[in-house]
Amino acid sequence: MAFAIQEVNKDPQLLPNITLGFRIYEENQYASMTPDVSLSLLSSQRKVFPNYKCDTQDNLLSVLGGLNSRTSYQMATILGNFKISQVLGHSQFPTFYQIDPQYHLQNAAIVWLLVHFQWNWIGIVVQNSESSDHFIWIFDTILAQHDICIQFVKQILPRISIFNELHREQKDLLWTILTNDAQVVIVSGDSNTLQSLITALYIYEEENHTSSGKVWILTTQWEFSAIGYPYEWGKLKSLHGALSLTVHTNPVPGFKDYLWALNPHEPHEDVFLPEWWEVVFDCEILKAGLSSPGGQRVCTGEENPDTLPGSVFDGKMTSFSYSIYNTAYSVAHALHSLYFHELWLFVLQFQMHVFLRNVLFNNTAGEEVSFSETGMKYAGFDILNWVVFANMTILQQKVGWVDPEAPSAESFSINSNAIVWASQPFSRCVKRCLPGQAMKVAEGKVSCCYRCVSCPEGTISNETDAAQCIPCPEDQHPSKNYVLCIPKTMNFLSYEDTLAFVLVSLAFVFSLITILMLAAFIKYCNTPIVKANNLNLTYILLVSLLLCFLCSFLFIGKPRNVTCLLRQTTFGIVFSTAISSVLAKTLTVVLAFMATQPGNRARKFLGKQLIIVLACPLVQAALCASWLAISPPFTNLDFHSVKGEIVMECNEGSTTMFYAMLGYMGFLSLFSFIVAFLARKLPDSFNEAKFITFSMLVFCSVWITFLPSYLSTKGKSMVAVEIFSILASAAGLLSCIFLPKCYVILLRPDLNNKSHLMRKVK
């Protein structure tokens, strides 16, 4: 304050021919004394008659209040009646200009800290004042926007009892603070309240031989000089590891030189300097030639401030002192504007606050200073870390800064590695949800007390404490730990698959066997056993079975539009031809037997069984043609049937037509089985029905089990089931009908004669 006034009075450009003076009153924590001080400022010296001055003419321009809000409120009530501009206060008084940062800015800065360290479970200690409830309401609203919860709110009395004894209420308060699991406690209040908290905390810890282990976050209202040096600095050990916000300051040129030039023997009416000098240098200031009656060292005035600890004296302005410096200059610039507008002869008290509100200048540190309707503007806050050493020296090191009014990308910076903690802080209601999990708030619990649930199938969370899991795109699926989406693999029965290799091998072997059997029947076509079984039907059946084995290749490999159109229709027509051939052979056996009976007309139908072989497949071909015309099969990508895979498949188009095709084939099979079953006891000479009955039993069994297996599988497994059914049913027909004949032809040629075939059953 004195340094600023001295600089103003030396500046020839600012308030020329005008000298500013000041009076400093020590702020007393007893608010009841505030009215007396306020009235004395408005009166003549040593008289309390407001607005009536009969001796020294000292014009009161402005009043700089202290950090105590209760004192500021009482001063505003009195000074506002006289239109005296008062700096440091609240906007509800029209002549009140707040230089301490407003709550909403400090709250936003604290929220940045909490979010950065991921603390969402906190406690709050506030001073017992009229504005506490309003402060908590506003702060709680801001915290809720960032999912931060308040575990407890406690108000502390401004003073403790005498003899460092705690009131019962204070013991209960400290017990609540120290036993709660919120490891971060925000302290908001003026210097007196904070000093009371520190003292009470120190007494409680000493009595109970414990340490709080809390992380204290202090607001800008805290002034370090409130703790008396060095006698009460031991109480600050409870603040080891604390973080505090201070107004960002710039170095002021000339201030350190001004301080170094101070002399306790020539204080120039500075009543505070000698007392401070005696405390910090542990000496006594006496008049020249006198000695201390107590034998204490006498201050020479040559003591070097450089020898003092940085926490006692570092030659820099504290944040609050920087605000006072700017405020003193603001009053001078407002008065200069009054003088410039030739309003000096008018009542200054009525005009001062108007010009103070519009003041705008750059201070000697190069920083812009201005006021608005809400108070002095600031360039953000410095974040300080309190380190208390064993020898009770204190270091307040800057670890970051925050500017709530700056763009979000530029508003916060902190060096977490530079912070010294009392203990590693963890202030959360529950442990954090890991990536791959999401938060779920239990009913009746606050949002911070949630439980972690794993992400459901098809979703991921790639951050801690995710509010919800996000679904993966259709062509991707979650990784094993549900933290990222990875591309799905294509699922189709490829020739490289082991299962496909086995099926291809079987199809190739069965095809080769069929060709060999066909070759054997062609070679031995003139033998009785071949002639007795209708050579044409045998050739048609063997060729159709060969095509059945070969059509399985249409189901293997990457599905394409052509293969999708051909696979089911080819399979349906070829198998219908094979079953029709079997039906025709069965009817041949029946007709041949009937033709041996006297007077039976069945002989005229012999040789006409080829009509059945042609007619039955034509019906199936008509069904397939309708299918292709109405709703043909097409390639399709199924993203959901198989976990982690994209099923590349042939969509059957019309499911009704697909099952109609299977149903018709089933009808032919069932009819052939019934006819063969009824003819199974005919004489052996003509009887092939036993083998056909067994082959059709195998055929029907395969396709009856095919349907549930087909419907219960997905992807390549579904295709493999159908291929296996095709191979198994065709192999059943081949083995049951033709293996006995090949056995006779190749291994027992002695039985391949007409006399054996015409042998009657006894």
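Heads up: the structure comes first, above all this text.
None of the values given here were measured: they were computed from a predicted structure.

## Description of the overall build of the chain
Looking only at helices and strands, the chain has 20 helices and 23 strands in total. Classification of the 762 residues of the chain by burial places 47% in the buried group. Counted over contacts in the chain with a minimum sequence separation of 6, partners at least 24 positions apart contribute 67%. About 38,600 Å² of surface is accessible on the chain, with carbon and sulfur atoms providing 59% of the total.

## What to know about the sheet that holds strand β21 (residues 489-491)
Spatial strand order, β21-β23-β22: three strands in an open sheet with mixed pairing. A single partner strand is all that each edge strand has here, and the edge strands are β21 and β22 (634-638). Mean inter-strand twist for the sheet, computed between neighbouring axes without regard to direction, equals 25°. Here β22 pairs with strand β23 (residues 645-651) via five bridges, running antiparallel. Residue pairing across strands places F634 opposite N651, the latter belonging to β23.

## Here's the deal with the pattern of salt bridges
Close approach of charged atoms allows side chains with opposite charge to pair. This model, assessed by the stated rule, comprises six salt bridges. Residue E303 pairs with R297 through a salt bridge whose shortest N-O separation is 3.3 Å. Overall, the relative accessible area of 42% leaves R297 in the partly exposed class. The network of salt bridges with shared partners includes R428, R432 and D465.

## Observations concerning the environment of G123
Mapped onto the secondary structure, G123 falls in strand β4 (residues 121-127). In this structure the C-alpha to C-alpha distance between G123 and F152, which are 29 residues apart in sequence, comes to 5.0 Å. Not counting residues within four places of it along the chain, the set of residues in contact with G123 comprises F152, A182, V184, V185 and I186.

## Quick word on the packing of helix α1 (residues 2-10) against helix α10 (residues 319-340)
Packing of α1 against α10 brings their axes to within 8 Å, and their N-to-C directions diverge by 35°. Considering only the axes of α1 and α10, their crossing is right-handed. Each of F3, A4, I5, E7 and V8 in α1 lies in contact with α10, whose residues at this interface are Y325, A328, Y329 and A332. Taken together, the residues that form the contact of α1 with α10 break down as eight nonpolar, no polar and one charged.

## Concerning the pairing of strand β8 (residues 243-247)
Taken across its five residues, β8 has five buried, putting it largely inside the fold. Every second residue of β8 is oriented toward a common face, with L243, L245 and V247 on one face and S244 and T246 on the other, all of them buried. Taken together, the two bridges between strand β7 (residues 215-218) and β8 define a ladder with parallel strand orientation. Paired with I217 across the bridge in β8 is L243. Pairing of β8 with strand β12 (residues 381-388), which is carried by five bridges, proceeds in the antiparallel orientation.

## A word on α10
Taking 1.5 Å as the rise per residue, α10 with 22 residues should run 32 Å; its terminal C-alpha atoms sit 31 Å apart, in good agreement. Taking burial as the measure, the 22 residues of α10 include 16 buried ones, the bulk of the element.

## Things to note about the packing of helix α16 (residues 610-630) against helix α17 (residues 655-678)
Where α16 contacts α17, the axes come no closer than 9 Å and their chain directions differ by 170°. As far as their axial angle goes, α17 and α16 are roughly antiparallel. Taken together, the residues of α17 that come into contact with α16 (itself represented by C616, V619, Q620, L623, C624, S626 and W627) are M657, F658, A660, M661, Y664, M665 and L668. The class makeup of the residues in the contact of α16 with α17 is 12 nonpolar, two polar and no charged.

## What about the sheet that holds strand β13 (residues 394-402)?
With respect to topology, eight strands assemble into an open sheet ordered β5-β4-β6-β7-β8-β12-β13-β14, the strand pairing being mixed. Every other strand in the sheet has two partners, leaving β5 (149-156) and β14 (412-414) as the edge strands with one partner each. Going across the sheet, the axis of each strand differs from the next one's by a mean of 25°, ignoring polarity. Relative to β13, β12 is paired through eight bridges, and the arrangement is antiparallel. Across the sheet, D382 pairs through a bridge with W401, a residue of β13. Of the strands in this sheet, β4, β5, β6 (184-188) and β7 are in contact with helix α6 (residues 168-179), which crosses β5 at around 160°.

## A few points about the state of the cysteines
Applying the stated criterion across every chain, the model contains seven disulfides. Here C149 engages in a disulfide with C448; their sulfurs sit 2.1 Å apart. Taking the sign of the S-S torsion, about 90° here, the bridge from C149 to C448 comes out right-handed. Taken together, the residues span a long stretch of sequence, with C149 in strand β5 and C448 in the loop between β15 (437-441) and β16 (450-454) at a distance of 299 residues. Both residues of the pair, C149 and C448, count as buried. Disulfide pairing places C472 opposite C485 at an S-S distance of 2.0 Å. The sign of the S-S torsion, about -90°, decides the handedness of the disulfide formed by C472 and C485: left-handed. Of this pair, C472 sits in the loop between β18 (470-471) and β19 (476-478) while C485 sits in strand β20 (residues 485-487), and the two are 13 residues apart along the sequence.

## Quick look at the nonpolar core
In this structure, L493, L545, F571, F575, W703, I723 and F738 are the most contacted members of the largest nonpolar core, which totals 58 residues. Residue contributions to this core peak at 16 residues, all from helix α19 (residues 716-747). In this structure, F281, V312, F313 and V369 belong to the second largest nonpolar core, which totals 43 residues.

About the cut-offs
Residues numbered from 1 in each chain as written. Predicted model: local features only at pLDDT ≥ 70, side-chain atom pairs only at ≥ 80, totals over all residues. Heavy atoms only, no water. Helix = DSSP H or I, 4+ residues; strand = E, 2+ residues; numbered from the N terminus. Buried < 20%, exposed > 50% of the residue type's maximum accessible area, 1.4 Å probe, protein only. Contact = heavy atoms within 4.5 Å. Areas by Shrake-Rupley, 256 points an atom, 1.4 Å probe, with all protein chains shown as cover. Pairing = 2+ DSSP bridges. Axes fitted to C-alpha atoms, helices over the stretch in contact; angles between N-to-C directions. Salt bridge = Lys/Arg side-chain N within 4 Å of Asp/Glu carboxyl O. Left-handed = near helix turned anticlockwise from the far one by under 90°. Nonpolar A, V, L, I, M, F, W, Y, C, P; charged D, E, K, R; others polar. Expected span 1.5 Å × (residues − 1). Parallel < 35°, antiparallel > 145°, perpendicular 65-115°, else oblique. Disulfide = S-S within 2.5 Å. Core = buried A, V, L, I, M, F, W, Y, C linked by side-chain atoms within 4.5 Å.

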